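A closer look at the structure
Read off the chains here:
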Amino acid sequence: DVKVTQSSRYLVKRTGEKVFLECVQDMDHENMFWYRQDPGLGLRLIYFSYDVKMKEKGDIPEGYSVSREKKERFSLILESASTNQTSMYLCASSLAGEVPEQYFGPGTRLTVT
Amino acid sequence: SQQGEEDPQALSIQEGENATMNCSYKTSINNLQWYRQNSGRGLVHLILIRSNEREKHSGRLRVTLDTSKKSSSLLITASRAADTASYFCATVPTLSGSARQLTFGSGTQLTVLP
């Protein structure tokens, strides 16, 4: 079975802190994704990566950056956390190709105070 | 931007009844997928239907796709309390800049009462 793990289930940070969210997948997937999920808004794509050191902006990249130094690991970075970044963050991975069924991690609920 | 919109936003049924959720989308798609999310957890892929397919089954799940109406439905038959979750449709637009991206709707919260 594909396993996608995220470094924390719950995280509380202060405004202005630099925050790292890590995601690891064990199925050698080419593609990895970061979403945030907010009530009534569904999932919104922040960034994704289709290869090591490659990244593409999603729908809401402002205030975020990402890093993919190894194929299995995709990090989301909040350079200076703000209260409007309080959310559930979900990581996902998928194989390359035209039909990208995605496998999700359990999520990190981040609270910025 | 949101491509799929689910309807209804919330649905409450008795165990054993069938549950139907609908998804509408705006642009041409390559495929449409349905996911389930249990409270506070990640999403789990349920079923994928391609644009050239009209109906697909998987266990108690039945998905239909009507590309002329840009809509899909997910039917869960003989529901169980364990089916209580949020259900999302996700689309892969044919004209998307990357075929790797999914666009999710805002979900239907299904509650199955014992």
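Summary of the structure given here. In this text, all values refer to a predicted model and were calculated from it rather than measured experimentally. (Residues numbered from 1 in each chain as written. Chains lettered and ligands numbered in written order. Predicted model: local features only at pLDDT ≥ 70, side-chain atom pairs only at ≥ 80, totals over all residues. Heavy atoms only, no water.)

Our next topic: the interface of chain B and chain A. On the chain A side, the residues contacting the 24 residues of chain B number 25 residues. Summed over both partners, the interface of chain B with chain A comes to about 1900 Å²; 53% of that surface belongs to carbon and sulfur atoms. Taken together, the links from chain B to chain A amount to zero salt bridges. The dominant element in the side of chain B that touches chain A, judged by the number of residues it contributes, is strand β4 (residues 29–37) of chain B, at five residues. In terms of residue class, the side of chain B that touches chain A is built from eight nonpolar, 13 polar and three charged. (Contact = heavy atoms within 4.5 Å. Buried area = accessible area lost by both parts, 1.4 Å probe. Salt bridge = Lys/Arg side-chain N within 4 Å of Asp/Glu carboxyl O. Helix = DSSP H or I, 4+ residues; strand = E, 2+ residues; numbered from the N terminus. Nonpolar A, V, L, I, M, F, W, Y, C, P; charged D, E, K, R; others polar.)

As a further point, take the nonpolar core. Judged by nonpolar contacts, the single largest core of 21 residues is most densely connected at L32(B), W34(B), L74(B), I76(B), Y87(B) and L110(B). Those elements giving two or more residues to this core turn out to be β3 (19–24), β4, β5 (43–50), β7 (61–66), β8 (71–76), β9 (85–93) and β11 (108–113) of chain B. Those residues in contact with Y87(B) that lie beyond four places of it in its chain are E6(B), M21(B), Y35(B), R36(B), L46(B), L74(B), I76(B), G107(B), T108(B) and L110(B). Judged by nonpolar contacts, the second largest core, of 20 residues, contains L11(A), V66(A), A81(A) and C91(A). (Core = buried A, V, L, I, M, F, W, Y, C linked by side-chain atoms within 4.5 Å. Buried < 20%, exposed > 50% of the residue type's maximum accessible area, 1.4 Å probe, protein only.)

Bringing the sheet that holds strand β1 (residues 4–6) of chain A into the picture now. All names here are of chain A. Spatial ordering of the open sheet is given by β1-β3-β8-β7, a layout of four strands whose pairing is antiparallel. Either end of the sheet is taken by a strand with one partner, and the two such strands are β1 and β7 (64–70). Averaged over all adjacent pairs, the angle separating strand axes in this sheet is 20°, with direction ignored. Looking at chain direction, β1 and strand β3 (residues 19–25) are connected through three bridges and run antiparallel. Bridge pairing links Q6 to C23 in β3. (Pairing = 2+ DSSP bridges. Axes fitted to C-alpha atoms, helices over the stretch in contact; angles between N-to-C directions.)

Glancing now at the pattern of salt bridges. Residues and elements named next belong to chain B. Enumeration over the complete set of coordinates arrives at 10 salt bridges over all chains. A salt bridge links R60 to D83, with the nearest nitrogen and oxygen atoms 2.9 Å apart. Taken together, the positions of R60 in the loop between β6 (55–58) and β7 and D83 in the loop between β8 and β9 put the pair 23 residues apart, joining distant regions of the chain. A relative accessible area of 9% means that D83 is categorised as buried.

Applying the stated criterion to the full structure yields two disulfides over all chains. The partner cysteine of C23(A) in its disulfide is C91(A), sulfur to sulfur 1.8 Å. With the S-S bond torsion at -75°, the cross-link from C23(A) to C91(A) turns out left-handed. In this pair, C23(A) is assigned in strand β3 and C91(A) in strand β9 (residues 87–94), connecting sequence segments 68 residues apart. Since its relative accessible area comes to 0%, C23(A) is described here as buried. Since its relative accessible area comes to 0%, C91(A) is described here as buried. The disulfide partner of C23(B) is C89(B), and the gap between their sulfur atoms is 2.0 Å. Linking C23(B) and C89(B), the disulfide has an S-S dihedral of approximately 65° and is accordingly described as right-handed. Remark: C89(B) occurs in strand β9 and C23(B) occurs in strand β3; sequence separation between them is 66 residues. Of the residues examined, C23(B) reaches a relative accessible area of 2% and is grouped as buried. (Disulfide = S-S within 2.5 Å.)

For the structure on display, the rule yields eight aromatic pairs over all chains. With a centroid separation of 5.7 Å and 35° between ring planes, the pair formed by Y35(A) and F104(A) is classed as tilted. Of the two residues, Y35(A) is situated in strand β4 (residues 31–38) and F104(A) in strand β10 (residues 103–104); the sequence distance between them amounts to 69 residues. Across the pair, exposure class does not vary: Y35(A) and F104(A) are buried alike. On the numbers, 5.8 Å between centres and 80° between planes, the contact of F104(A) with Y35(B) is edge-to-face. Residue F104(A) is located in strand β10, and its partner Y35(B) is located in strand β4; the two belong to separate chains. Of the residues examined, F104(A) reaches a relative accessible area of 10% and is grouped as buried. (Phe/Tyr/Trp six-rings, centres within 6.5 Å; stacked < 30°, edge-to-face > 60°.)

Residues and elements named next belong to chain B. Taken in spatial order, the five strands of this open sheet run β1-β3-β8-β7-β6, and their pairing is antiparallel. The outermost strands of the open sheet, each flanked by one partner alone, are β1 (5–7) and β6. Strand-to-strand twist in this sheet, taken as the mean axis angle between neighbours without regard to direction, amounts to 20°. Strand direction decides the pairing type here: β7 and β8, joined by six bridges, are antiparallel. Bridging across to β8, L65 finds its partner in S72.

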